[in-house]
Amino acid sequence: MLDKIGRTSFLPLLSTHGRSLSSENPILVSNFLTSMKEFLLLSALLLNYWCLSAQNINFEAHQMGMTMDRMGQTNLVDVDNDGDLDWVFGRRGAMFWFEYIASKNWVLHTLGKGAKTDVGVIALDVNQDQWMDFVVGDSWYENTGNPTFENFILHKKNMIVSHDNIVADINGDGIKDVVSLSNNPDHPVLAWYQMPKNVAENWDYVKIGQGIHGGISPRGYGDMDGDGDMDIVRGNSWFENLNGDGLKWDEHKLLVPKGGNRPGKPGLALKTWCMDMDKDGDLDIVEAEADTSDGRIFWFENTLNGSKFEYHPVSDDTTRQDFHTLILADFDNDGDVDIVSGGGPFTTTTPKLFLWENLDGKGLDWKEHLILEGHSIHEASAADVDQDGDVDICSKPWRSGLHLFLENKLIDK
């Protein structure tokens, strides 16, 4: 049964540990007040919307709060080192986070201002001080150990404004590096940054290939050819790390789905996740078509160490959904990987959040479940937020609206 969130308190949005939010975040408060009508409409929808209960699939929705427009960057990570996961999100020039107190209680904080990027943000302990920092396009925010009072330091670097960012050890030195993808018309590039010993120095990048709108997040990396080093998958191609040091790359084109790719107005954008779907010991590629009006979910089976792939559909061929989310996790605790995605801002019908249940454990037989309807889904993330042994989902819209925590009730059944 869903929470009656249309009548819950607004206090978590208007205060931050007893401090006035209006003095710290006037834009957010103004947006919140002007969005009251939208909030009431959303709440009315939530009073009527149902959660899925089929076999072991069962989610319960809780409100996190309302925020302003064009929120792109998201992450589920422990910001304040209290042992639980918090919800980080941001827009061009500003970042925020909801502190997790309980499933029905989230407290809003400002993280920092000044960094510019489209969507991509990654959590990375850049200076290795045991506090999570955030790399956001052209900058990174240093967590100084007192995050609830906005004590983050902005470090502006010679980094690219990017749609996608991921972390992976590109050169095999045991230290995670940053990979960025940008389709800036003046400088479309896929590149990686090796962390300097002194993180205050400029981060110089090594080019991997050309940029497209989106294609490497959330997890477009892995050893695709089984040679022991880290390769990068960019949606429509994968890049072979030739010498294992990240300095020389060879591009390999991927299969084009039946009927062709479906780029939308921003250009070709795919969400990418490398995972061994068929349990044969090599990495396959799962993708969602994003920033388009009729996206699909599918995966490419790796059959010859990256030299040959076979296409397998997951979703219907026609969905009228913009799948600007891709999550792979075992949501029903049956030992295999399921897939979650939902309709973002380019969706042309009622936005929906789906879970595709992996029936045969090898990615060839799927059952579609509808989790949520009537709420735009953009850059959702998943983890065991309430620490009860199953995987939950945090979701938000691209435009101003309600952030939701979808609690997996599997363990409660």
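Residues numbered from 1 in each chain as written. Predicted model: local features only at pLDDT ≥ 70, side-chain atom pairs only at ≥ 80, totals over all residues. Heavy atoms only, no water.

## Examining the overall build of the chain
Secondary structure assignment for the chain yields 4 helices and 32 strands. The contacts of the chain with a sequence gap of at least 6 include a subset with a gap of at least 24, amounting to 51%. (Helix = DSSP H or I, 4+ residues; strand = E, 2+ residues; numbered from the N terminus. Contact = heavy atoms within 4.5 Å.)

## Notes on the environment of Glu 407
The residue Glu 407 is located in strand β32 (residues 401-408) in this model. Considering only alpha carbons, one finds Glu 407 and Ala 61, 346 residues apart in sequence, at a separation of 6.2 Å.

## A look at the pattern of salt bridges
On inspection of all chains with the given rule, the structure shows 10 salt bridges. Salt-bridge contacts for Glu 379 lead to Lys 271; the nearest nitrogen and oxygen are separated by 2.8 Å. Within this pair, whereas Glu 379 is found in the loop between β29 (366-373) and β30 (381-383), its partner Lys 271 is found in strand β22 (residues 270-275), the two being separated by 108 residues in sequence. Counted as one network, the salt bridges with shared partners bring together Arg 262, Glu 289, Asp 294, Arg 296 and Asp 317. (Salt bridge = Lys/Arg side-chain N within 4 Å of Asp/Glu carboxyl O.)

## Considering the sheet that holds strand β13 (residues 164-168)
The strands making up a sheet associate through hydrogen bonds between their backbones, and the pairing can be parallel or antiparallel. Overall, antiparallel pairing links the 4 strands, which are arranged β13-β14-β15-β16 in an open sheet. Strands at the two margins of the open sheet, each flanked by one partner only, are β13 and β16 (205-210). Neighbour-to-neighbour, the strand axes of the sheet open up by a mean angle of 20°, direction not taken into account. Two elements, strand β15 (residues 189-193) and β16, share 5 bridges in a ladder whose sense is antiparallel. Bridge pairing links Leu 190 to Gly 209 in β16. (Pairing = 2+ DSSP bridges. Axes fitted to C-alpha atoms, helices over the stretch in contact; angles between N-to-C directions.)

## Side note on the environment of Tyr 311
Here Tyr 311 shows up in strand β25 (residues 309-313). Residue Tyr 311 is classed as partly exposed on the basis of its relative accessible area, which comes to 24%. In this structure, the C-alpha to C-alpha distance between Tyr 311 and Val 286, residues 25 residues apart in sequence, is 9.9 Å. Beyond its immediate stretch of four places on either side in the chain, Tyr 311 contacts Leu 255, Pro 257, Arg 296, Phe 298, Trp 299 and Phe 300. (Buried < 20%, exposed > 50% of the residue type's maximum accessible area, 1.4 Å probe, protein only.)

## So, the nonpolar core
One finds Ile 170, Val 179, Leu 190, Ile 208 and Ile 232 to be the most contacted residues of the largest nonpolar core, which totals 25 residues. For this core, the secondary structure elements donating two or more residues are β13, β14 (177-182), β15, β19 (231-233), β20 (237-241), β22 and β24 (297-302). Once residues lying within four places of it in the same chain are set aside, the contact partners of Ile 232 are Ile 166, Ile 170, Val 179, Leu 190, Ile 208, Ile 216, Gly 220, Tyr 221, Ser 237, Trp 238, Phe 239 and Trp 249. Counting residues in each nonpolar core, the second largest holds 19 residues, with Ile 57, Leu 372, Ile 393 and Leu 406 among its members. (Core = buried A, V, L, I, M, F, W, Y, C linked by side-chain atoms within 4.5 Å.)

## Here we look at the packing of aromatic side chains
Tallied over the entire structure, the rule returns 15 aromatic pairs. Ring centres of Phe 298 and Phe 300 lie 5.5 Å apart, and the angle between their planes is 65°; this geometry places the pair in the edge-to-face category. Of the two residues, Phe 298 and Phe 300, neither departs from the other in class, the shared state being buried. Their ring planes at 80° and their centres at 5.8 Å tell us that Phe 323 and Trp 356 sit as a pair that is edge-to-face. One end of the pair, Phe 323, is in the loop between β25 and β26 (327-329); the other, Trp 356, is in strand β28 (residues 352-358), with 33 residues separating them in the sequence. An identical accessibility class is assigned to Phe 323 and Trp 356; each is buried. By the ring-pair criterion, three or more aromatic residues cluster together here, those being Trp 140, Tyr 193, Trp 203 and Tyr 205. (Phe/Tyr/Trp six-rings, centres within 6.5 Å; stacked < 30°, edge-to-face > 60°.)

## What about the pairing of β22?
Consecutive side chains of a regular strand alternate in pointing toward one face of the sheet and then the other. With 5 of 6 residues buried, β22 is to be regarded as a mostly interior element. Where strand β17 (residues 218-219) meets β22, 2 bridges bridge the pair, whose relative direction is parallel. Paired with Pro 218 across the two strands is Thr 272, which belongs to β22.

## Here's the deal with the side chain of Asn 143
For Asn 143, the position within the fold is in strand β11 (residues 139-143). Owing to a relative accessible area of 0%, Asn 143 belongs among the buried residues under this scheme. A distance of 3.0 Å separates a polar atom in the side chain of Asn 143 from the backbone oxygen of Val 79. If we skip the residues at most four places from it in the chain, Asn 143 touches Val 79, Asp 129, Trp 131, Met 132, Asp 133, Asn 151 and Phe 152. (Polar contact = N/O pair within 3.5 Å; in protein donor to acceptor, adjacent residues only side chain to side chain.)

## Here's the deal with the side chain of Ser 139
In this fold, Ser 139 is placed in strand β11. Classification of Ser 139 by relative accessible area gives buried; the value is 0%. Those residues in contact with Ser 139, other than ones at most four positions away along the chain, are Ala 115, Phe 134, Leu 154, His 155, Lys 156 and Met 159.

## Notes on the sheet that holds strand β6 (residues 86-91)
Pairing is antiparallel across the open sheet formed by 4 strands, whose spatial order is β5-β6-β7-β8. Each edge of the sheet is formed by a strand with only one pairing partner; in this case those strands are β5 (73-77) and β8 (105-113). Strand-to-strand twist in this sheet, taken as the mean axis angle between neighbours without regard to direction, amounts to 20°. Note that strand β7 (residues 94-102) and β8 share 8 bridges and pair antiparallel. Residue Tyr 100 lies in a different strand from β8, and its bridge partner there is Trp 106.

## Observations concerning unusual backbone geometry
With an omega of 5°, the peptide bond between Ser 217 and Pro 218 qualifies as cis. By the secondary structure assignment, Pro 218 is in strand β17. One non-glycine residue with positive phi stands out, namely Lys 279, at about 60°. Under the relative-accessibility criterion, Lys 279 is labelled exposed at 52%.

## Observations concerning the confidence of the model for the chain
Considering every residue of the chain, the mean pLDDT works out to 86; 86% of them sit at 70 or more. Counting interchain partners and residues more than four positions distant, the pLDDT-below-50 stretch residues 1-37 has 73 contacts. Below a pLDDT of 50 lies the segment residues 39-54, which in the model reaches 42 contacts outside its immediate sequence neighbourhood of four places, other chains included. (pLDDT = per-residue confidence, 0-100.)

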